[in-house]
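Letter by letter, the chains look like this.
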Amino acid sequence: MGNSQSPPANPRFTSASRAFTPKELEDLKSVFTSLASQSQSNGQYISSSVFKAYFGLKGPLGDRMFDLATQGRKDDKLTFEDLVITKGIYEKGTNEEIEEFIYRLLDVTNDEILRRSDLDSVLVTIFDHIFHLKGSETEQSSYRYMVDTFLNAATFTKDHEESNDKIMSFEDFKSWSTLVPSVKKFLASLLVPPDPGRLGCQVPKLQHLENIDSSILLLRDEYAWHIGGALSQEDLEEWKLLYHSALNGLSFNTFLGNISNDDGPTVLIIKDTEGYIFGGYASQPWERHGNFYGDMKSFLFQLYPKASIFKPTGANSNLQWCAVNFSSETIPNGIGFGGRVNHFGLFLSAGFDLGHTYSCTTFNSPCLSKTSKICPEVIECWGVVRKGMEQEKPDVVKDTVLERFKEDRHMLNMVGIANASE
């Protein structure tokens, strides 16, 4: 009949387009047009160099993202359909689809085998990206210990047919990504323009007195980024040092006195005599209780020699423990997280000289150290500062300090805050 027909619509593009609002598609088209113009392609496609520069993608990770976005064509041409399909899966897909995409993204050698070396390359790229944004001049070599701690949390259970190597299966990846949520956040947020506030990139500002030698501190920027992966953006602005055993002594009373003026969440970090570093995030203030308390925002973590986060499972509500001056053996004095009495996920006795850590269903966490018995070498606690809280505190400090420990006035006198609060 001589009638010309339009080429059939790409069903993947049609399906992906439905995930976006008309305004989102319009904005995406504007971005494409601008980047295609920079690519000198007469508005037809985006080149890999322009694509990676716009999204701040570097090295093998950037190459792999472009390869996935162009569906492996190797033509250095990202079309508008490619962009919509990729963002439709990567940003608008189901959890399973997003995880599958990230799993494929990690295979930077594009051989359909996820090896330890692939993860190593990606982690180096991540640390370089984040701490470059933060203004650090640290070289990649100094990230080596942190790369290894993240890799130590990974499991490689799948046999490789052509060698004796173990490789990471998709199930291995899903398990690992729950342990390192900061990595997952970063890898799930790559197709937005880079800035220091981009999801997965924010590192809390660590505040302490100027006369404190920072080399004695357990909490480093890299560790704070790891812990922050399990927190909301509002909790990643600023953390301030409330207690350090090298400065304040290994004293439970001093610890309670120092943190009693701070009503926000706290980050407790312990280094034991085995060299292991671990701790817990307490979403509620440390208050005297005869039983467990807290909410589902608390969690346990490991920092060295492996980096892992253990969030509440909902198996029980045994989240935080803070017992002060009880005389019953069934209420051990000290602070802890998870598990059950005398079998905590993490516990420090009131003497601050002994503690223990057992596997527990509260957080589905293992023993956090080399052995279940721990002997603290360093203990430090950081307060999470939320916007607006600093201005509110002076009006409530007097009442809350005395109210919390009203049954333990003699303890307040020991730490020197009872008289100051009156």
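Relevant structure appears above.
Residues numbered from 1 in each chain as written. Predicted model: local features only at pLDDT ≥ 70, side-chain atom pairs only at ≥ 80, totals over all residues. Heavy atoms only, no water.

### Observations regarding the pattern of salt bridges
Moving on, step 1. Tallied over the full model, the rule gives 16 salt bridges.
Moving on, step 2. Note that Lys 52 and Asp 63 form a salt bridge whose closest N and O atoms lie 2.5 Å from each other. Here Asp 63 lies in helix H4 (residues 59-69) and Lys 52 lies in helix H3 (residues 48-55), a separation of 11 residues in the sequence.
Moving on, step 3. Here Lys 370 ties to Glu 274 by a salt bridge, and the two come within 3.9 Å at their closest N and O atoms. One end of the pair, Lys 370, is in the loop between strand E12 (355-356) and strand E13 (373-374); the other, Glu 274, is in the loop between strand E5 (266-272) and strand E6 (277-282), with 96 residues separating them in the sequence.
Moving on, step 4. You can call Lys 370 exposed: its relative accessible area is 55%.
Moving on, step 5. A residue is classified by how much of its surface remains accessible, and Glu 274, at 41% relative accessible area, is partly exposed.
Moving on, step 6. Here the salt bridges do not stand alone but share partners, grouping Arg 64, Asp 67 and Lys 74 into one network. (Salt bridge = Lys/Arg side-chain N within 4 Å of Asp/Glu carboxyl O. Helix = DSSP H or I, 4+ residues; strand = E, 2+ residues; numbered from the N terminus. Buried < 20%, exposed > 50% of the residue type's maximum accessible area, 1.4 Å probe, protein only.)

### Looking at the nonpolar core
Moving on, step 1. Grouped together as the largest cluster of nonpolar side chains are 85 residues, with contacts concentrated most on Trp 176, Leu 187, Trp 225 and Trp 239.
Moving on, step 2. In terms of residues, this core owes the most to one element, helix H7 (residues 116-133), which gives eight residues.
Moving on, step 3. Counting residues in hydrophobic clusters, the runner-up holds 28 residues, among them Phe 255, Ile 335, Leu 346 and Ile 379. (Core = buried A, V, L, I, M, F, W, Y, C linked by side-chain atoms within 4.5 Å.)

### Looking at the side chain of Gln 202
Moving on, step 1. Residue placement: Gln 202 occurs in the loop between helix H10 (181-187) and strand E3 (205-207).
Moving on, step 2. The exposure class of Gln 202 is buried, given its relative accessible area of 16%.
Moving on, step 3. Polar contacts involving the side chain of Gln 202 include one to the side chain of Gln 233, which spans 2.9 Å.
Moving on, step 4. In terms of polar contacts, Gln 202 uses its side chain to reach the backbone carbonyl oxygen of Leu 236, at 3.5 Å.
Moving on, step 5. Ignoring any residue separated from it by four or fewer positions in sequence, one finds Gln 202 in contact with Pro 196, Trp 225, Gln 233, Leu 236 and Glu 237. (Polar contact = N/O pair within 3.5 Å; in protein donor to acceptor, adjacent residues only side chain to side chain. Contact = heavy atoms within 4.5 Å.)

### Brief notes about the pairing of strand E14 (residues 376-385)
Moving on, step 1. Burial analysis of E14 places nine of its 10 residues in the buried class, which makes it a mostly covered element.
Moving on, step 2. The sheet contact formed by strand E4 (residues 238-244) and E14 spans six bridges and is antiparallel. Bridging from a neighbouring strand, Lys 240 pairs with Gly 383 of E14.
Moving on, step 3. In this structure, E5 lies alongside E14, joined through seven bridges in antiparallel fashion. Opposite Lys 271, over in E14, you have Val 378 as the bridge partner. (Pairing = 2+ DSSP bridges.)

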